[in-house]
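Residue-level structural notes
Listed here are the chains, written in short residue letters.
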Amino acid sequence: MKAIQVYKNFKVNLTNDNKILIVTFDRPPVNALTQESYEELSAIVEYVNAHNEICAVVLKAEGKVFCAGADVKVLATYTPADDVVRRPKLRKVWEDLYHCSVPVICELNGAAVGMGAVLVGCSDVIISSEKAYFAIPEINIGLVGGAKGLSRILPYQKIRTMALTGMKCTAQDAYQLGAIEAIVDESELSSRVMEYAETIASKGYKVVRKWKEALLLTEQVGIKEGIMLEQTLNLDLAKVK
């Protein structure tokens with residue numbers, strides 16, 4: 001593997017002839033998010049978008065927790081003026097990851113909480129360990145947030161229950177609801193994720209990136225409009241062959 005630019009909160013490596021970018025969240029002890037981590041992840045997505053040879057991103061984390069959400073200790077030090085700066089960066093990292101030009105495969109090794117769960121929800125494929133779960137416990141500390149970001153992968157009625165009670169959605173529940181592609185033993189998690197990433201990368205960057213564009217453009221439109229968009233994008237592919 002080849003490391004690219006050094007980041008404080010992430011390890012970032014290229015593999016498989018630079019076709020797969022592995023992004024590992026590494027902020028012990030629970031990979032909590034700060035303004036700096038939002039900025040770094042946005043910069044990583046920008047790097048991906050600018051390098052056409054990349055066909056897939058693997059998003060994973062060190063430790064037993066995937067991401068515990070916002071770092072509450074850091075937030076406790078913020079003034080209202082600090083928060084005014086932080087919130088647009090939070091929204092930007094969600095938008096950047098959601099609109100990443102290539103498929104994002106999430107290696108979900110543990111809890112994905114709050115904004116951490118929202119970032120997982122931006123993924124195209126989620127492979128999970130049995131111990132993993134989603135939660136949006138903001139109600140427990142008197143806050144609102146996270147529900148809409150999870151609506152990409154979970155049914156809204158399930159999200160309502162999670163938001164109003166603070167209860168978890170286990171990996172098994174998420175699998176049964178179609179949010180998770182597969183649940184595997186923790187010892188096999190990384191290898192299974194790489195199987196998916198390598199399969200996608202083998203298709204070639206042109207068609208993979210065009211498919212990601214198609215999926216993003218058609219996600220919020222009707223069937224008729226979606227078919228027309230796909231046909232248009234096929235014409236684009238024909239021009240570059």
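Scroll up to find the structure.
To keep things clear, this report deals only with the structure shown in the data block. (Residues numbered from 1 in each chain as written. Predicted model: local features only at pLDDT ≥ 70, side-chain atom pairs only at ≥ 80, totals over all residues. Heavy atoms only, no water.)

The number of helices and strands found in the protein chain is 10 helices and 10 strands. Across its three principal directions, the C-alpha atoms of the protein chain cover 55 × 40 × 40 Å. When burial is assessed residue by residue, the protein chain has 46% of its 241 residues classed as buried. The long-range share in the protein chain, meaning contacts at least 24 apart out of those at least 6 apart in sequence, stands at 67%. Element-wise, carbon and sulfur atoms account for 55% of the exposed surface of the protein chain, whose accessible area totals about 12,500 Å². (Helix = DSSP H or I, 4+ residues; strand = E, 2+ residues; numbered from the N terminus. Buried < 20%, exposed > 50% of the residue type's maximum accessible area, 1.4 Å probe, protein only. Contact = heavy atoms within 4.5 Å. Areas by Shrake-Rupley, 256 points an atom, 1.4 Å probe, with all protein chains shown as cover.)

We now examine the packing of helix H1 (residues 35-50) against helix H3 (residues 80-98). Orientation of H1 relative to H3, taken along the N-to-C sense of each, is 30°, at an axis distance of 9 Å. Considering their axes alone, H1 and H3 lie roughly parallel with respect to each other. As H1 runs across H3, the sense of the crossing is left-handed. Note on element contacts: H3 touches H1 through Val85, Arg86, Lys89, Leu90, Lys92, Val93, Asp96 and Leu97, opposite Gln35, Tyr38, Glu39, Leu41, Ser42 and Val45. (Axes fitted to C-alpha atoms, helices over the stretch in contact; angles between N-to-C directions. Parallel < 35°, antiparallel > 145°, perpendicular 65-115°, else oblique. Left-handed = near helix turned anticlockwise from the far one by under 90°.)

Enumeration according to the criterion identifies 2 aromatic pairs in this entry. With a centroid separation of 4.8 Å and an interplanar angle of 15°, the aromatic rings of Phe10 and Phe25 are classed as stacked. Of this pair, Phe10 sits in strand E2 (residues 10-15) while Phe25 sits in strand E3 (residues 20-25), and the two are 15 residues apart along the sequence. Look at Phe10 and you get buried, because its relative accessible area is 5%. Looking at Phe25, the relative accessible area reads 4%, which means it is buried. Look at Trp94 and Tyr98: their rings are 5.1 Å apart centre to centre, the planes differ by 15°, and that puts the pair in the stacked class. (Phe/Tyr/Trp six-rings, centres within 6.5 Å; stacked < 30°, edge-to-face > 60°.)

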